[in-house]
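# Geometric and topological summary
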Amino acid sequence: MLHPPSLQAIIPQPHLLPNGNTLYCFPNSALELVKLDFTLEAGSCLQTSWSQSHGANALFGEATLQHDAQWMSDFMDFRGIVVERFADVSTGNVSFYFLRKYAADLLPLVREMFDHPTIDPQQFSAYVSKRKQKISVGFQRTNFVARNRFYELLYTSQHPLGKYATVADIDKLTFEDVDQFIRDHYRLEDAHIVLAGCIDDELLALADCYLSPARAEGWHSFRSTLQPPELLTNRVSDRVAMPNAVQSSLLLGSVLPYNWDSPEYAQFMVLNTILGGYFGSRLMSNIREDKGYTYGIYSQTHVFRRSICFCISSDVAAEAARPAIDEIYREVERLQREEVSDAELDRVRNVMMGEFIRGIDGCFEVSERYRQSYASDVTEVFTANFVDAVQHVTPSQLRRIAQQSFMPMVEVCAG
């Protein structure tokens, strides 16, 4: 079996900024590129109107008090700087990819984005229009509808993870909503900052100068939390009729009865890979290869703050929806009833360890993994548990995990 690298290789080198914040560094002097990540407590769980956090994330940094959107766009394009933005239920994230030689140009502008954020009214109107169009198109797709309904049933519509926006919700979003959210939540002193790539003393000095604003009197760090949902006691099944669809999208899953730092959760990850986590999985072999119901079927887990969701997803022909669901339950019950063979488990061990090693092959990959861990409140205890489970979990332990993990599931079919 492949052996993992030392866990020390995926732990950042901390650099203390003058204001007391920490800059988390993953250096690689062989690169010319730098990746600069800002993660902020600016997720949808904090918004007071629909799509407020998404809009704030999309429009943050597009303009400042001193520079309009066209100037900012030209500045980035001329230097080949790539800006990526995304928001989830807990955080808002902004990342910059740039050549090391442009750091002295970019970092003062980044400070300006945080100190003097401005929204261009035309860009706000364009955002609203694109967002409405994307949602309208989404509601015509079976997988979009199934995913929304799945999380609504799993977490309830009152929970941030169970809510989803409609076109009518976007119509209610105002310029002032987005502007206020940026001013409240996109503050540099609150950012978790990760730097990866070509890091040298000069770059760290620039970071000290531009990424270390003075903290206001009474400042304190803030972390948003999500209430864990109640575990299901009965199966929930729902069918969403979409008469014009040529296929059906299936989603089955549940909230797992584990915390992220539980050794049992790491063992469940091995079980999940056997079930549907790679191309040679049981679901793929049965439902794709043997039955021909789908081109692909996968199972995965998603770690949120204070909650872990397990989900099986597939797109199938409409007439194959019910047979495919029946086969999914057969494979789940088989894992609860029979121990996995040593040969199958050894194959999965190699697959999982290979994917883990590929996932940390480079400073950008490691820094992104670290950023995701921070966003979901996960520490390297999780990695240690994962490596131990992949190397040492036994067939009897996997059978026991299957019996206690596959709770009554939410079952959604849209099509």
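In this report, we go over the structure that sits alongside the text. Values in this document were obtained by computation on a predicted structure and should not be read as measured data.

### Observations concerning the pairing of strand S11 (residues 294-304)
- Here 9 bridges tie S11 to strand S12 (residues 307-317), and the two strands are oriented antiparallel to one another. For Gln300, the partnering residue across the bridge sits in S12 and is Cys311.
- Turn length for the S11-S12 hairpin, with the two strands adjacent in sequence and antiparallel, is 2 residues, and the turn residue Arg306 shows positive phi of about 70 degrees.

### Side note on the state of the cysteines
- All told, the structure shown has 0 disulfides when counted by the stated rule.
- Here Cys25 stays unpaired: no disulfide links it, and the sulfur of Cys363, its closest cysteine neighbor, is 11 Å away.
- Owing to a relative accessible area of 5%, Cys25 belongs among the buried residues under this scheme.
- Cys311 takes part in no disulfide bond, and the closest cysteine sulfur, belonging to Cys309, lies 5.6 Å away.

### Some details on the nonpolar core
- Among the nonpolar cores identified, the biggest contains 58 residues, and Val270 and Phe406 are the most heavily contacted of them.
- The element that contributes the greatest number of residues to this core is helix H9 (residues 263-277), accounting for 8 residues.
- Those residues within four positions of Phe406 in sequence are excluded, and the remaining contacts are Phe268, Leu271, Leu275, Phe310, Val332, Leu335 and Gln336.
- In this structure, Met76, Val94, Val110 and Phe181 belong to the second largest nonpolar core, which totals 48 residues.

### So, the sheet that holds S11
- Pairing is mixed across the open sheet formed by 5 strands, whose spatial order is S9-S13-S10-S12-S11. Where the open sheet ends on each side, the last strands, each with one partner, are strand S9 (236-240) and S11. Here the average twist between neighbouring strands, direction ignored, is 15 degrees.
- Note: strand S10 (residues 247-255) against strand S13 (residues 410-414), 5 bridges, orientation antiparallel. From the neighbouring strand, Leu250 faces S13, where its bridge partner is Cys413.
- Each of S9, S10, S11, S12 and S13 is contacted by helix H5 (residues 142-155), which is oriented at about 25 degrees to S10, the strand it contacts most.
- Helix H10 (residues 282-290) contacts S11 and S12 of the sheet and is inclined by roughly 150 degrees relative to S11.

### Observations regarding unusual backbone geometry
- Positive phi, normally seen in glycine, also occurs at Arg306, with a value near 70 degrees.
- Relative to the elements of secondary structure, Arg306 occurs in the loop between S11 and S12.
- Owing to a relative accessible area of 47%, Arg306 belongs among the partly exposed residues under this scheme.
- The backbone of Asp377 shows a phi angle near 65 degrees, a positive value even though the residue is not glycine.

### Regarding the packing of H9 against helix H15 (residues 395-405)
- Running from N to C, H9 and H15 cross one another at 95 degrees; their axes reach a closest spacing of 9 Å. In terms of their interaxial angle, H9 and H15 are classed as roughly perpendicular. Residues Glu264, Gln267, Phe268, Val270, Leu271 and Ile274 of H9 form the contact with H15, whose own contacting residues are Gln397, Leu398, Arg400, Ile401, Ala402, Gln404 and Ser405.
- In terms of residue class, the contact of H9 with H15 is built from 7 nonpolar, 4 polar and 2 charged.

Cut-offs used in this document
Residues numbered from 1 in each chain as written. Predicted model: local features only at pLDDT ≥ 70, side-chain atom pairs only at ≥ 80, totals over all residues. Heavy atoms only, no water. Pairing = 2+ DSSP bridges. Helix = DSSP H or I, 4+ residues; strand = E, 2+ residues; numbered from the N terminus. Disulfide = S-S within 2.5 Å. Buried < 20%, exposed > 50% of the residue type's maximum accessible area, 1.4 Å probe, protein only. Core = buried A, V, L, I, M, F, W, Y, C linked by side-chain atoms within 4.5 Å. Contact = heavy atoms within 4.5 Å. Axes fitted to C-alpha atoms, helices over the stretch in contact; angles between N-to-C directions. Parallel < 35°, antiparallel > 145°, perpendicular 65-115°, else oblique. Nonpolar A, V, L, I, M, F, W, Y, C, P; charged D, E, K, R; others polar.

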